[in-house]
Amino acid sequence: FTQTKKSRRKMARLLQHTTLLTSILTCIIHLHSIPTSNSCGGFWCNNNLRLNQAAENILFIQNQNKTHPLESTVTAVVQILYDGPSERFAWLLPVPTEPEVDVSSNEAFVRLMSSTDPQFVLEEHWKGDNCQFVPDKKNKGGDVMATTEESSAGTEESEEDVTVMKADSVGPYDYVLITINPDAESPAKVAVDWLQKNEYDVFDSTATVLDPYLEKQMMLLAFRLTKGSDDAADVGSIRPVVLTYKSEKPMIPLLPTAVAANDDMGIRVWVASDHPVYPVNYNSLVLNEALIHWFDWRSTYNDVVTAAANEAEDGQGFVTELALSTASYKDAIFSVNDEEWWKNFQERYVKMEPTDSNGFDAIQEASWTVRFWDGWRETVAASVLLPKDVSLDDFGTSPFLYQDQVQVNLTTFLQLLEINVVIPLKHTQDLLNRQPHLTRMYTTMSAWEMTEDPVFDS
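Residues numbered from 1 in each chain as written. Predicted model: local features only at pLDDT ≥ 70, side-chain atom pairs only at ≥ 80, totals over all residues. Heavy atoms only, no water.

Colleague: Help me understand the sheet that holds strand S8 (residues 219-225), please; the structure alone is not making it clear to me.
Modeller: Note on sheets: strands pair through backbone hydrogen bonds, and any given pair is parallel or antiparallel. Pairing within the open sheet is antiparallel, and its four strands lie in the order S3-S8-S7-S6. Each end of this open sheet is capped by a strand with a single partner; those strands are strand S3 (91-95) and strand S6 (162-170). Across the sheet, the mean angle separating the axes of adjacent strands is 20° when strand polarity is ignored. Sheet topology note: the S3/S8 ladder contains five bridges and is antiparallel. (Pairing = 2+ DSSP bridges. Helix = DSSP H or I, 4+ residues; strand = E, 2+ residues; numbered from the N terminus. Axes fitted to C-alpha atoms, helices over the stretch in contact; angles between N-to-C directions.)

Below, the structure written as C-alpha cells:
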C-alpha cells in the first residue's frame, strides 16, 4: 500500500527496535565480496569471517546548518566490499564539493550492525494438548510504490579537459579528485580514459552512468590501493572510507553501482540526524509480518524485503528497520570497555623501557583485543624488523617461534596502534554521537532498478 509523506514521518518516529521488521557502496568495483586470506592464529584473525557480506553498508551523518543551509555538510562512512587482485581495485564516486577524506574500520559496521539488527520475538500461547504450528519457510512478500531516470555517454578524450583538484593518500589508498571540462565532446569518456591512463582500473562501461553527474558539474573522486614495493597495500587492507562534503541531504550516487551490481543486492543505510529520516524520492516499504518465518526470521527476511521492493514501481523503496535516539547507541561502536582498555594499555606500556621483549609483549596483549580491527596488520608490519627468511605471515601466525629473532620498536607500535587502529573506530563512534536520532533503512535492488539516486531527509 502507499503512504503519504506525513504518515511516513509518523511511522518512522513510532517504530521501536524490538518490534521493527527486521552503502550503499557507491563505487565501481569488479566484484562485491571481501576475500578471505588468514583465519585466526597467532597475532592474525580474519575479520572477513565476521562481516555480513550480503549487503552494501553506508552510515550518513547529516550536519544541518539551519541558519545557512548551503553550509550544511554530510559525512558518509562507506564500507567497501571487494574481491579481486589488488592491482585491479578501483573505487569511483561523484561528489558535489571537495571532500575531507579519512578512513574508518570494518569493525565499526560489524558492531553497528549487531546492535541495530531488527528483532522478531514470537509469543507462543498454547491451548489444549495437541496444538502444533509448523511455519512455512517459503512464505515471502510485502507491499509498496516509486520513480526513475536515465543516462548516456559519448566518445573523445583530451588531457586538457581534466583538472586534478587534489591527489593524496589516506590509509591504504591513493586517491585523486578531478573535474571534467563540461564543454568536452564526451565528458564521461574523457573521465574514464584519464582514470584508466593513470592506473585507476575502472570499467569502460562506467562512462554510460557518469553523464548525469558531470552535467551537474560534480567532481569525481577515485581511489586505488597504494602501489610501490615497500608500502604496497593488498586487498586485505581495504577498509571503510569517511567523506565529509557540503550538502544539505544525504544522497547515494547509485547509478555507478549498477555497472557491477548483483541481482537483489542488499543496500543498508544508517542516517544520524536531528530527526528521524525517510527516503525522499523512494518509497517507504511496509512488510507483511505474517510472511516472516517467526521461528527463524533471518532465513526469510531478505526474501520478504525483496518481494516488497519488487512490488513497488521500478522496484525502488526502503523499509525503515529502526528509528531511535542515538543515546541508545552511544557506545555501540567504541564502548566504555574499549576506552578503559586503551587507557590502561597506554599507561602501562608508555612507562616501560622500549626493549624488543616489551614490544613483543605489547603486540601480544593488544592482539587479544584489536586483531579484528582494521590497521592492525599494517601497524605490526611497520613496528617489527624480521629476519630475511621470515615473512610477516610467518611471524604473525606463529609469533613465539620467532620471538627471539624479531626486533620490535615499542614506541612506533604504540603510536601507530593509536593512529591506524584505535582512532578510526573511536572517531566513527564520535560521528554517530553528534546527532540525536538514528534511522536504519534497508532494501534490495538489481541493476535495472538503479535508475535514480536515493535522497534522505527528515
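Colleague: It is not clear to me how the side chain of Asn 281 should be interpreted in this structure. Could you clarify?
Modeller: Looking at the secondary structure, you find Asn 281 in the loop between strand S11 (278-279) and strand S12 (283-287). Asn 281 gets classed as buried once you look at its relative accessible area, which sits at 18%. A polar side-chain atom of Asn 281 sits 3.1 Å from a polar atom in the side chain of Glu 452. Side-chain polar atoms of Asn 281 contact the backbone oxygen of Asp 453, separated by 2.8 Å. (Buried < 20%, exposed > 50% of the residue type's maximum accessible area, 1.4 Å probe, protein only. Polar contact = N/O pair within 3.5 Å; in protein donor to acceptor, adjacent residues only side chain to side chain.)

Colleague: Could you clarify how one ought to interpret the environment of Asp 393 in this entry?
Modeller: Within the element layout of this structure, Asp 393 appears in helix H9 (residues 392-397). Spatially, the C-alpha atoms of Asp 393 and Arg 377 are 9.6 Å apart, while their sequence positions differ by 16 residues. Of the polar contacts made by the side chain of Asp 393, one reaches the side chain of Arg 377; its length is 2.5 Å.

Colleague: Just to check I follow, could you spell out the nonpolar core for this structure?
Modeller: Inside soluble globular proteins, nonpolar side chains tend to come together where they are buried. Formed by 45 residues in total, the largest nonpolar core has its most connected members in Phe 345, Phe 413 and Leu 417. If you tally residues by element for this core, the top one is helix H10 (residues 410-432), at nine residues. Counting 39 residues, the second-largest nonpolar core is a separate cluster that includes Tyr 82, Ile 238, Leu 254 and Met 265. (Core = buried A, V, L, I, M, F, W, Y, C linked by side-chain atoms within 4.5 Å.)

Colleague: Explanation requested: H10 in the structure shown.
Modeller: Along an α-helix, residues three or four apart share an orientation, since each turn contains 3.6 residues. For H10, spanning 23 residues, the distance from its first C-alpha to its last is 32 Å, which sits close to the expected 33 Å at 1.5 Å a residue. The set of residues buried in H10 consists of Leu 410, Phe 413, Leu 414, Leu 417, Val 421, Val 422, Pro 424, Leu 425, Thr 428, Gln 429, Leu 431 and Leu 432. The N-terminus of H10 is capped by Asn 409, whose side-chain oxygen sits 3.2 Å from the backbone nitrogen of Thr 411. (Expected span 1.5 Å × (residues − 1).)

Colleague: Help me out: how do you make sense of the pattern of salt bridges in this one?
Modeller: Charged atoms that come close allow side chains of opposite charge to pair. This model, assessed by the stated rule, comprises 13 salt bridges. Residue Glu 71 is joined to Lys 246 by a salt bridge in which the shortest nitrogen-to-oxygen separation is 3.4 Å. With Glu 71 in the loop between strand S1 (55-63) and strand S2 (73-78) and Lys 246 in strand S9 (residues 241-246), the pair connects residues that are 175 residues apart, well separated along the chain. Here Glu 71 falls in the partly exposed class, since its relative accessible area comes to 42%. Relative accessible area serves as the criterion here: at 41%, Lys 246 is assigned to the partly exposed category. The residue Lys 189 makes a salt bridge to Asp 193 at a minimum N-O spacing of 2.5 Å. With Lys 189 and Asp 193 both in helix H3 (residues 187-197) and four residues apart, this pair spans about one turn of that helix. In this structure Lys 189 comes out as partly exposed when scored by relative accessible area, which is 26%. Each of Asp 117, Arg 298, Glu 321 and Arg 440 takes part in one network of salt bridges that share partners. (Salt bridge = Lys/Arg side-chain N within 4 Å of Asp/Glu carboxyl O.)

Colleague: Honestly, the packing of H3 against helix H4 (residues 207-215) in this entry has me stumped. Any pointers?
Modeller: The angle between the axes and the distance between the axes are what describe a pair of packed helices. Closest axis-to-axis distance for the H3/H4 pair is 8 Å, and the angle between their directions is 120°. Judged on the interaxial angle alone, H4 and H3 are oblique. Every pair of crossing elements has a handedness; the one defined by H3 and H4 is right-handed. When H3 is examined against H4, the residues Pro 187, Ala 188, Lys 189, Ala 191 and Val 192 are found in contact with a partner set consisting of Ala 207, Leu 210, Asp 211 and Leu 214. Class assignment for the residues of the contact of H3 with H4 results in seven nonpolar, no polar and two charged. (Parallel < 35°, antiparallel > 145°, perpendicular 65-115°, else oblique. Left-handed = near helix turned anticlockwise from the far one by under 90°. Contact = heavy atoms within 4.5 Å. Nonpolar A, V, L, I, M, F, W, Y, C, P; charged D, E, K, R; others polar.)

Colleague: How do you make sense of the side chain of Ser 247 when you look at a structure like this?
Modeller: With respect to the helices and strands, Ser 247 occurs in the loop between S9 and strand S10 (265-273). On the basis of relative accessibility, which here comes to 19%, the residue Ser 247 falls in the buried class. In terms of polar contacts, Ser 247 uses its side chain to reach the backbone carbonyl oxygen of Lys 249, at 3.1 Å.

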